[in-house]
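The residues making up each chain are set out below.
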Amino acid sequence: DAGVIQSPRHEVTEMGQEVTLRCKPISGHNSLFWYRQTMMRGLELLIYFNNNVPIDDSGMPEDRFSAKMPNASFSTLKIQPSEPRDSAVYFCASTQVGTNEKLFFGSGTQLSVL
Amino acid sequence: GDSVTQMEGPVTLSEEAFLTINCTYTATGYPSLFWYVQYPGEGLQLLLKATKADDKGSNKGFEATYRKETTSFHLEKGSVQVSDSAVYFCALTPSNTGFQKLVFGTGTRLLVSP
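Just so it is clear, the model here is predicted, and its values are computed rather than measured.

J.: Can you walk me through the state of the cysteines in this structure?
T.: Residues and elements named next belong to chain A. Inspection of every chain in the model, using the stated rule, returns two disulfides over all chains. A disulfide bridge connects Cys23 with Cys92, and the sulfur atoms are separated by 1.9 Å. The S-S bond linking Cys23 to Cys92 shows a torsion near -65°; that makes this disulfide left-handed. Of this pair, Cys23 sits in strand S3 (residues 19-24) while Cys92 sits in strand S9 (residues 88-95), placing them 69 residues apart in sequence. Under the relative-accessibility criterion, Cys23 is labelled buried at 1%. Residue Cys92 is classed as buried on the basis of its relative accessible area, which comes to 0%.

J.: What exactly am I supposed to notice about the pairing of strand S8 (residues 62-65) of chain B here?
T.: All names here are of chain B. As paired strands, strand S7 (residues 56-59) and S8 are joined by four bridges and run antiparallel to one another. Bridge pairing in S8 places Ser58 opposite Glu63. Between S7 and S8, which pair antiparallel and follow one another directly, the connecting turn spans two residues, one of which, Lys60, has a positive phi of 55°. Bridge count for S8 against strand S9 (residues 75-77) is three bridges, and the pairing is antiparallel. Paired with Phe62 across the strands is Lys77, a residue of S9.

J.: Would you explain the packing of aromatic side chains in this entry?
T.: Here the distance between the centres and the angle between the planes together describe a pair of aromatic rings. Counted by the stated rule, this structure contains twelve aromatic pairs over all chains. Through a chain of ring-to-ring contacts, the aromatic side chains of A:Phe33, A:Tyr35, A:Tyr48, A:Phe91, A:Phe105, B:Phe34, B:Tyr36, B:Phe89 and B:Phe104 assemble into a single cluster.

J.: Just to check I follow, could you spell out the sheet that holds strand S1 (residues 5-7) of chain A for this structure?
T.: The strands that make up a sheet pair up through hydrogen bonds in the backbone, lying either parallel or antiparallel. Residue and element names in this part refer to chain A. Across the sheet, which stays open at both edges, the four strands sit in the order S1-S3-S8-S7 with antiparallel pairing between neighbours. On the outer flanks of this sheet lie S1 and strand S7 (65-71), each paired with one strand and no other. Put simply, the sheet's adjacent strands are angled 15° from each other on average, direction ignored. Taken together, the five bridges between S3 and strand S8 (residues 74-79) define a ladder with antiparallel strand orientation. Counterpart to Arg22 in the pairing with S8 is Thr76.

Cut-offs and rules
- Residues numbered from 1 in each chain as written.
- Chains lettered and ligands numbered in written order.
- Predicted model: local features only at pLDDT ≥ 70, side-chain atom pairs only at ≥ 80, totals over all residues.
- Heavy atoms only, no water.
- Disulfide = S-S within 2.5 Å.
- Helix = DSSP H or I, 4+ residues; strand = E, 2+ residues; numbered from the N terminus.
- Buried < 20%, exposed > 50% of the residue type's maximum accessible area, 1.4 Å probe, protein only.
- Pairing = 2+ DSSP bridges.
- Phe/Tyr/Trp six-rings, centres within 6.5 Å; stacked < 30°, edge-to-face > 60°.
- Axes fitted to C-alpha atoms, helices over the stretch in contact; angles between N-to-C directions.

Take a look at the structure:
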């Protein structure tokens, strides 16, 4: 299996621009997670989906952030407008709920907002 | 709320030294406990886990024992290698929410020199 695939690997943008991060979970997995990693706050859960339905978005920092999962093989995390404090590594992860609780992470998207 | 506390890094060791990374947790009930590892430029990978008190998780020479009396899950390895250099995350899933709410510690960076 190819694993969790994220794109792009690196994104550099200017403040105020819209940013879209993409994730393809492992085929057959029914839960998908978006995490943000920074030096100051560590690893934070932003949102997770079960069977394409958002279950808990309490970690989404503010209305500028939105996430969608239109089908079982694709999810996006959008920031509009972006701000310098959004600079971080964003990880997508997936799992099949009920199978030994192992979470599979993508390689992440390094976002820099100038 | 539920939380995980890890020792601050970096931990710097010479090859073949003994490793301990401390992890304590706060949670109600009986959480499952995990160690994840993040190699440079990659996403997190599950290293080992334990799901009940006194369980010992082990993988690749690493071990951790679920100690409910001390609410700890310390990571150990008898002889580290340069290739073990990475960031190690302790994590838990609260027993009352199932898998989804994976709570991570802040991570501990391990640097192993030849």
